[in-house]
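# Coordinate analysis (summary)
Chain by chain, the residues:
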Amino acid sequence: MTRVWLMVLVVFCHEIFSNGVVTNISTRPSVVNVGAILAYKSIIGKVAKVAIEAAIEDVNSDPTVLAGTKIQLTMQDSNYNGFLGIVETLQFMEKDTVAIIGPLNSVTAHVISQISNELQVPLLSYSATDPTLSSLQFPFFVRTSQNDLFQMAAVAEIVDYYGWKEVIALYVDDDYGRNGIVALGDKLAEKRCKISYKAPMPSEATRDDITDVLIKVSLIESRIIIVHTYDGPGSMVLNLAKYLGMMESGFVWIATNWLSTILDTDSPLASDVMDDFQGVITLRMYAPDSKLKRKFVSKWNNLTKEKSANVSFGLNTYGLYAYDTVWLLAHAIDAFFNQGGVISFSNDSRLTELRGGSLRLDALNIFNGGNLLLKSILQVNMSGVTGPIKFTPDKDFINPAFEVINVIGTGFRRVGYWTNYSGLSVLPPEVLYTRPPNRSSANQRLYSVIWPGQTTQLPRGWAFPKNGRQLRIGVPTRVSYREFVSQAEGTDIFKGYCIDVFTAALSLLPYAVPYKLVPFGDGRNNPSCTELVRLITTGVFDAAIGDIAITTDRTRMVDFTQPYIESGLVVVASVKKLNSNAWAFLRPFTPMMWLVTAISFLIVGAVIWFLEHKNNIHFQGTPDKQFSTVLWFSFSTLFYAHKEETKSNPTRFVLIIWLFVVLIINSSYTASLTSILTVQQLSSPIKGIETLINSNDPIGYQQGSYARSYLVEELGIHESRLVPLNSAEDYAKALNDGPQRGGVVAVVDDHAYVELFLSTRCEFSIVGQEFTKAGWGFAFPRDSPLAIDMSSAILKLSENGDLQRIHDKWLMRSACTTQGTTTEVDQLQLKSFQGLFVLCGFACLLALIVHFITLACKFSSVVGPRGQSSIYERFQKFLMYVWENEKKDKDPSKRSVGDEDASTHKCVCNREII
């Protein structure tokens, strides 16, 4: 009976563990199963195999890591085959595996990550660098090396550092290649650079496949080629590029870290292989020097001989990260056990339904402690042979860094570093981390590079493709001012000032530019240059030359060269000559200025008389004599011819200020009158753009010019007032007719056209000031390197004088616009001298105040205390006092009385007043 119950209990437990939930439980087992998916024959796989085996031995021999628990590693060779990788992963899941190291490539990692998610088994890959594997879609995928997102950031900063704007991306067309190039495009966009052409190739590309791709690449303008592929196809790409002449001077090849992996692993390479790599820039994941790294590197040769059938090969950075991956996993498993984790597996209910098939999918189990182990992995903080190991919240390693390597001769040379901390630098990252982050352009630095073709001169980064295609350059077909641009009738030949500047600039470029000039316009009206510029953005034209003004709206669409002529909008109006006449001497001052000046003379004369006539005999006498003296003294100061002496200090103060005012007025009048009498004057009721804004008269503009949009949008002039004009003859007729006869009051046009228009038409002139600042330039597509080179050429033309000679050839002025003719000189306004008159008035007022204060003091000393008198009574007495003194001063008999009688009389008078 006991045996029966025992059998029932066994069957019951079996059913629970089969359907229910747990198949194996252990608190801290003696062995932990870990799987590894490798590709033994690959350049990464053979190194990683040795490194992983060495790490397993080191971990298992160190009792302090797992406290006696051993890692039992099972390796499978997928041979870079995605299907085999899937099968091998499923086999691991049948053996209670808690984690998988690998796979090598990103394509397989995408598929296996789905399995890891389902069975909750962490997947640690040291070589699957696809940035998208870090997404939330794959929570159980852990990358234990550097993310390609950082490598592409480094490539983008190198491109920007050397000033290139467009690159060609040559990549393997799988998840690894496509997603890496997408990341590169994003990082380039942050630097205002772009991928101008993407050249994908099959993952199993043949020499013919790669040749076809390279031929297409050679026909592209850009010469900056980024190669993002695997080591096998990458070597073939560079070999065929050399065969096709694409490793010559002018080309730039930047390889991602697949090339540095070859150099580290298979060095020394054969000389013919190294010849294929000359001048190439590549990146290598950075591992700082440390005691752990030196120890591991020193025993590498012995490890390869022991574990690789006595075949020796170099240690690449993937080997370092593979070694650290094992140690990272060991520390995570130890933390897992320390947190109470147990290794247990459960059946997946969804797979149980598939029971009975030959695939035995129901044997796959879910790792119950997967989430805890994943958390432990992401919380590891240790030092390995690659440096500090710690994860960011995005599941990337901290302190991502790369070495920038230049292949030279039989080896390579490090030209700098890139870090996510401070960008490009020649200082090691560990030094930079001790300083504040500095990503300024001035702080970015690399050592000199030897480029393909054995040259140290920085490549331009682009060239005209060798496909025989000519640049289609749009040229406006003008019907007026053909001195700037004109097409010979019945031919494709263009001539004019703008054409000569363009051809002269092209001749200074260090390369040939095949081009064809294409007319734009109907030949009856001047075309819109804004529309011509817009057609560049649509690909109709590759560039545009001619009288194209550089405006804000146009710069939003294309890039312009350096301006080759300065210009801006001006106002042209009819003018008439102002000949000298009998009253020309009155023209320097406005009527108000004359009036205020005359009144000032009289006021100053009256003030000086009031201050002086009491004590100065020159200002005394009969009223007629005093009035004439005041007039004479006032106006004689204009010529500094006054002879009357002044005795009081207030009078002298007023006179000093007044003479200064007279000096300024006299000098200004003389200068203005000289200009009026010696320079031919032109008069116009239009004084400038302000006059046009404040009126309602019609305004002319050149058809197709940006003047129309500026007047309407910027100045608010209603478009019903604007009259389009085509030719210089239309200008002249409209201005002569005027608004009364259907013409215009003025014409607004670019200064360059106006100069040409006025060269033979003396009855018109520019009025007012130039109210916009602009220039003419040649238009090219956004970020076109030709625009930069043409700008440099235009500057050279300006420096050597050729630009001026071309200007004189086509736009030399005639005698009509010679010097000595100017628009009407503005009359001197009262506001220009307002401060002087205020100063003089203040001086007069101050002198009068001082004079009255002096009299008041004398009055107070005579009258004494105020007593019961009111203010009004005292004021009356003060006036009587002043009046009596005035009469006394005017009476000669009183002035002849002796001192004693005068004193007595003064006292008597004072008593009478009181």
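Here goes a summary of the coordinates provided.

Definitions and cut-offs
Residues numbered from 1 in each chain as written. Predicted model: local features only at pLDDT ≥ 70, side-chain atom pairs only at ≥ 80, totals over all residues. Heavy atoms only, no water. Helix = DSSP H or I, 4+ residues; strand = E, 2+ residues; numbered from the N terminus. Buried < 20%, exposed > 50% of the residue type's maximum accessible area, 1.4 Å probe, protein only. Contact = heavy atoms within 4.5 Å. Areas by Shrake-Rupley, 256 points an atom, 1.4 Å probe, with all protein chains shown as cover. Pairing = 2+ DSSP bridges. Right-handed = clockwise from strand over helix to strand, strands pointing away. Phe/Tyr/Trp six-rings, centres within 6.5 Å; stacked < 30°, edge-to-face > 60°. Lys NZ or Arg CZ within 6 Å of the ring centre and 35° of its normal. Patch = residues over 30% accessible without salt bridge, like charges linked within 9 Å, V, L, I, M, F, W, Y side chains within 5 Å. Salt bridge = Lys/Arg side-chain N within 4 Å of Asp/Glu carboxyl O.

Each helix and strand counted, the protein chain has 33 helices and 34 strands in total. Classification of the 914 residues of the protein chain by burial places 49% in the buried group. Sequence separation of at least 24 residues holds for 72% of the intrachain contacts in the protein chain that already meet a minimum separation of 6. Of the accessible surface of the protein chain, which amounts to about 43700 Å², a share of 56% is contributed by carbon and sulfur atoms.

Turning our eyes to something else, we now look at the pairing of strand β28 (residues 699-702). Alternating residues of β28 divide into I699 and Y701 and G700 and Q702, and every residue in both groups is buried. Of the pairings in the sheet, the one linking β28 to strand β29 (residues 722-725) comprises four bridges and is parallel in character. Paired with I699 across the bridge in β29 is L722. Tracing the backbone out of β28, into helix α25 (residues 707-714) and back to the parallel element β29 gives a crossover that is right-handed. Pairing analysis gives three bridges linking β28 to strand β30 (residues 746-750), with the strands arranged parallel. From the neighbouring strand, G700 faces β30, where its bridge partner is V747.

Right, let's talk about the packing of aromatic side chains for a bit. By the definition in use, this model includes 31 aromatic pairs. With 6.2 Å between their ring centres and 25° between their planes, Y321 and F397 make a pair best called stacked. Placement of Y321 in helix α14 (residues 317-338) and of F397 in the loop between β14 (387-389) and β15 (401-408) is noted, with a sequence separation of 76 residues between them. Across the pair, exposure class does not vary: Y321 and F397 are buried alike. Counting every residue linked through ring pairs, the aromatic cluster contains Y481, F484, Y497, F502, Y515, Y564, Y731, Y753, F757, F764, W776 and F778. Sitting over the ring of Y40, K49 keeps its end group 5.4 Å from the ring centre. One cation-aromatic arrangement involves R460 over W462; the distance from NZ or CZ to the ring centre is 5.7 Å.

Bringing a nonpolar patch on the surface into the picture now. On the surface, a cluster of nonpolar side chains totalling about 390 Å² of accessible area is made up of I215, L219, Y243 and L244. Mapped onto the secondary structure, L219 falls in the loop between α8 (207-218) and β8 (224-228). On the basis of relative accessibility, which here comes to 34%, the residue L219 falls in the partly exposed class.

Under the criterion given, the structure shown has 25 salt bridges. Note that R143 and D396 form a salt bridge whose closest N and O atoms lie 3.8 Å from each other. Linking R143 in strand β5 (residues 141-143) with D396 in the loop between β14 and β15, this pair joins segments that are 253 residues apart in sequence. Residues R143 and D396 agree in their burial class; the two are buried. In this structure, the salt-bridge partner of E157 is R439, at a minimum N-O distance of 2.0 Å. You can see E157 sitting in helix α6 (residues 148-161) and its partner R439 sitting in the loop between α17 (429-432) and β18 (471-476), a full 282 residues away along the chain.

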